[in-house]
Amino acid sequence: MTQHARAHGRTWPRLVGLAAVGVLAFGVAGAAAVYLELQSNIGEVDLTGLVGDDSARPQVTEPPPGDARAGSPVNLLIIGSDDRSGENGTIGGAEEGMQSDTTIVAHVAADRSRVELVSIPRDLLADRPSCLMTDGSTTPAREARQFNEAFRIGWDHGHDVRSASACTWKTVESLTGVRLDGLVLVDFVGLRDMVEAIGGVPMCLATDLDDPEYTGLHVKAGPQVFDGPTAVQFARARHNIGDGSDTGRMKRQQDLMAAMVRSVLSRDVLTSPTALFQFAQAATGSLTASTGFRDLTDLTGFGLSLRGLQADRIVFASMPTVASTRQRYRVEATAEAAELWARIAADQPVGEAPAAADAPPADPAAPATPPLAVETPWTPPGGVLTSADDSSTCA
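Residues numbered from 1 in each chain as written. Predicted model: local features only at pLDDT ≥ 70, side-chain atom pairs only at ≥ 80, totals over all residues. Heavy atoms only, no water.

1. Remarks on the overall build of the chain
A tally of helices and strands in the chain yields eleven helices and 18 strands. Within the span of the chain, comprising 395 residues, buried residues form 52% of the whole. Counting only contacts in the chain whose residues sit at least 6 apart along the sequence, the fraction spanning at least 24 positions is 73%. Of the roughly 17,200 Å² of accessible surface on the chain, 53% is carried by carbon and sulfur atoms. (Helix = DSSP H or I, 4+ residues; strand = E, 2+ residues; numbered from the N terminus. Buried < 20%, exposed > 50% of the residue type's maximum accessible area, 1.4 Å probe, protein only. Contact = heavy atoms within 4.5 Å. Areas by Shrake-Rupley, 256 points an atom, 1.4 Å probe, with all protein chains shown as cover.)

2. Here's the deal with the packing of aromatic side chains
All told, the structure shown has one aromatic pair when counted by the stated rule. A centroid spacing of 5.1 Å and a plane angle of 55° characterise the contact between F226 and F234, whose relative ring orientation is tilted. Residue class for F234 comes out buried when judged on its relative accessible area of 3%. (Phe/Tyr/Trp six-rings, centres within 6.5 Å; stacked < 30°, edge-to-face > 60°.)

3. Description of the confidence of the model for the chain
Here the chain shows a mean pLDDT of 75. Residues at 70 or above account for 68%. Per-element confidence in the chain ranges from a low mean pLDDT of 37 for helix α1 (residues 12–28) to a high of 96 for strand β5 (residues 125–128). Every residue in residues 1–34 is under pLDDT 50, and counting partners more than four places away or in other chains gives 97 contacts. With pLDDT under 50 throughout, residues 353–374 is counted as low confidence; its partners more than four residues away or in other chains account for nine contacts. (pLDDT = per-residue confidence, 0-100.)

4. A short note on the side chain of E332
Tracing the sequence through the fold places E332 in strand β17 (residues 331–333). Polar contacts involving the side chain of E332 include one to the side chain of S324, which spans 2.6 Å. In this structure the side chain of E332 is engaged in a polar contact, spanning 3.0 Å, whose partner is the side chain of R326. For E332, the residues in contact, after removing those within four places along its chain, are L124, L125, P320, T321, V322, S324, T325 and R326. (Polar contact = N/O pair within 3.5 Å; in protein donor to acceptor, adjacent residues only side chain to side chain.)

5. Looking at unusual backbone geometry
At R112, a residue that is not glycine, the phi angle is positive and equals roughly 60°. With respect to the element layout, R112 can be found in the loop between β3 (98–108) and β4 (115–120). Look at A144: it is not a glycine, yet its phi comes out positive at around 50°. Turning to its location among the elements, A144 is positioned in strand β8 (residues 142–146).

6. Looking at the state of the cysteines
Enumeration according to the criterion identifies one disulfide in this entry. Disulfide pairing is shown between C131 and C167; the S-S distance is 2.1 Å. Because the sign of the S-S torsion sets the handedness, a value of about 70° for the bond joining C131 and C167 places this disulfide among the right-handed ones. Within this pair, whereas C131 is found in strand β6 (residues 131–132), its partner C167 is found in helix α5 (residues 161–176), the two being separated by 36 residues in sequence. Take C131 and C167: they sit in the same class, and that class is buried. (Disulfide = S-S within 2.5 Å.)

See the structure below:
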């Protein structure tokens with residue numbers, strides 16, 4: 001598989017895990033004031049009662065610093081919000097309301113040996129279920145609607161992040177058949193601050209990129225180190241770049257996030273108290289999370305459970321789609337998309353199979369046992385990228 005064929009990337013759970021490790025380090029050192037400051041950074045969105053039956057979802061209550069979900073797969077809905085208020089408006093241009101810009105389902109395997117992150121195109125045609133708003137009203141179900149309308153409809157009808165997030169949640173579960181366990185929202189400012197905290201992100205660009213009208217992006221081909229504002233421009237740019245599609249932008253966003261992870265790991269952020277705190281502060285300050293993923297005691301344990309995760313086991317993919325024949329500028333899911341989501345729901349690997357564990361010596365006196373079934377790897381048509389694939393340096 002070529003590096004470019006594996007051309008995707010996005011690792012918010014890994015980044016959140018790294019931030020959580022930092023929080024734990026400060027907590028162990030007795031820095032209670034720092035811990036409380038980081039805890040207060042993370043906003044909360046309570047979706048209880050808005051996304052259907054909660055009784056079947058794992059219930060997490062005040063865990064110790066350990067993985068409260070150990071032994072179970074975890075599916076996180078990650079939304080990059082197109083918030084244009086306050087400082088976000090300065091970056092993206094002030095507008096009323098709020099929309100979703102990027103949506104990813106992050107699947108963490110039950111044995112914590114791998115993470116798959118699957119991007120859902122905002123221009124995908126999808127059936128939107130009826131959504132319950134926080135004021136008790138409901139929105140009508142609609143067929144073949146642009147996917148990211150779910151967040152906007154929830155915001156326009158419910159007038160709050162809870163309603164918007166819940167409608168996206170229900171739409172994703174209906175679309176994929178994957179049961180979600182939590183939600184994380186990240187905005188423009190959060191992305192900018194995380195890039196600044198790690199001193200920039202090295203990237204290698206095949207061509208010049210210019211988007212003067214919409215984002216102000218202007219970067220030359222070749223090796224680059226994106227600062228925070230440039231990273232945000234790169235993640236947002238769509239017009240006048242490539243084929244102008246959301247699919248192309250999605251791949252660029254994924255490449256940027258993969259490069260961010262490599263930067264964090266290669267620059268020894270985890271061993272520098274100053275850099276560690278700056279990154280943890282930026283990461284936690286950028287998050288709004290659902291109940292159960294907001295508390296730092298819980299995030300710390302969950303993050304620590306991923307500390308042995310290998311770079312080539314962090315896999316990024318996009319939902320397989322084709323151009324729609326029903327609506328111009330829209331895409332539709334393919335049969336391979338159904339296969340992808342079925343594997344995610346069944347906790348099966350995507351792109352790469354996990355490395356086989358070394359078997360213990362056989363006991364001659366023990367009865368013969370059949371060999372364990374080997375999980376078959378499966379790669380979606382668009383290919384995948386792992387965080388071990390380095391697209392940040394030029395050959």
